[in-house]
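# A structural walkthrough
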Amino acid sequence: LHENVALVGAYWEDREVPGDPLSSEPSNEDPENIDGPPVVRLIDVGAAYLFSRVEGVWEGPTKLTAGDGAQYDEFANAVALHDDTALIGARGDESGRGSAYLFTLDGDTWTEQAKLVAEDGEGGDNFGISVALSVGTALIGASLDDTMTGTDVGSAYVFTRTGTAWGLEAKLTAEEEGAIDNFGF
């Protein structure tokens, strides 16, 4: 929630795409073609919804989805909003390696600006399990990140924006790391 805008996640939202239900691969057919090919249901792709309060009345929603959204991404498991920027976690992306997406408002249109990942990330890290956003700074948790001291210790990553580009500033870990701490949750 930021001023008169609310951002709400629906990370277990499924999406139907045209394709062969006996195949895991969607087709490139027109999804609006009702008489076309059968559809494939992609499970837990996720979506985020923006609502705006205008003169005391909530309007919307505007739906945000990941441009590369896939089954089990859990896009919008965590959301944050500041001014004209939305930060949306997708802890299940890339086999649980996880990612976070930044959207910016340009006029009346929200546009995907960047996809952030942990360069040292591995499957199961849960990068994107938690997110926070302030002026030009994004904080993203990876609660199941393994470190030299143990399994599922966890970490948090700080990214900063310069112009429209986002870059890693720091990886944060607890001083006394222990297995299964879930730091970054």
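Each value, and the rule that gives it
- Residues numbered from 1 in each chain as written.
- Predicted model: local features only at pLDDT ≥ 70, side-chain atom pairs only at ≥ 80, totals over all residues.
- Heavy atoms only, no water.
- Helix = DSSP H or I, 4+ residues; strand = E, 2+ residues; numbered from the N terminus.
- Contact = heavy atoms within 4.5 Å.
- Patch = residues over 30% accessible without salt bridge, like charges linked within 9 Å, V, L, I, M, F, W, Y side chains within 5 Å.
- Areas by Shrake-Rupley, 256 points an atom, 1.4 Å probe, with all protein chains shown as cover.
- Salt bridge = Lys/Arg side-chain N within 4 Å of Asp/Glu carboxyl O.
- Lys, Arg positive; Asp, Glu negative; His and termini not counted.
- Charge placed at Lys NZ, Arg CZ, Asp CG, Glu CD.
- Pairing = 2+ DSSP bridges.
- Axes fitted to C-alpha atoms, helices over the stretch in contact; angles between N-to-C directions.
- Buried < 20%, exposed > 50% of the residue type's maximum accessible area, 1.4 Å probe, protein only.
- Core = buried A, V, L, I, M, F, W, Y, C linked by side-chain atoms within 4.5 Å.

This next bit is on the side chain of Asp-145. The residue Asp-145 is located in the loop between strand S11 (137-142) and strand S12 (155-162) in this model. Residue contacts for Asp-145: discarding those within four places in its chain leaves Asp-125, Asp-152, Val-153, Gly-154, Ser-155, Tyr-157 and Lys-171.

A cluster of acidic side chains, namely Glu-3, Asp-83, Asp-84 and Asp-106, defines a negative patch on the protein surface. With respect to the helices, strands and loops of the structure, Asp-84 is situated in the loop between strand S6 (75-82) and strand S7 (85-90).

Now for the sheet that holds strand S5 (residues 57-64). Pairing is antiparallel across the open sheet formed by three strands, whose spatial order is S1-S4-S5. This sheet does not close on itself; its edge strands, each paired only once, are strand S1 (5-10) and S5. Each neighbouring strand pair of the sheet contributes to a mean axis angle of 25°, computed without reference to strand direction. Relative to strand S4 (residues 47-54), S1 runs antiparallel, the two being bridged by six bridges. Among the inter-strand pairings, Val-8 is bridged to a residue of S4, identified as Tyr-49.

Once that is clear, we can look at the pairing of S6. On any regular strand, side chains alternate: one points to one face of the sheet, the next to the other face. Within S6, seven of the eight residues are buried, which leaves the element mostly enclosed by the surrounding structure. Note that S6 and S7 share six bridges and pair antiparallel. When the bridges of S7 are listed, Ala-80 appears paired with Leu-87. Linkage of S6 to S7, two consecutive antiparallel strands, is achieved through a turn of two residues, within which Asp-83 is found at a positive phi near 50°.

Right, let's talk about the nonpolar core for a bit. The biggest cluster of nonpolar side chains holds 17 residues, and the ones touching the most others in it are Leu-87, Leu-102, Phe-127, Leu-133, Ile-140, Phe-159 and Trp-166. Those elements giving two or more residues to this core turn out to be S6, strand S8 (99-106), strand S9 (109-116), strand S10 (127-134), S11 and S12. Setting aside its immediate chain neighbours within four residues, Trp-166 contacts Leu-102, Gln-113, Ala-114, Leu-116, Leu-133, Gly-136, Thr-137, Ala-138, Phe-159, Thr-160 and Arg-161. Of all hydrophobic cores here, the second largest spans 14 residues; its members include Ala-66, Phe-75, Ala-90 and Trp-110.

The subject of this paragraph is the sheet that holds strand S13 (residues 165-172). A sheet is described by the order of its strands in space; here four strands give the open sequence S10-S11-S12-S13, paired in antiparallel fashion. Each edge of the open sheet carries a strand with a single partner, namely S10 and S13. Direction aside, the axes of adjacent strands within the sheet are offset by 25° on average. When S11 meets S12, the two strands line up antiparallel, connected through six bridges.

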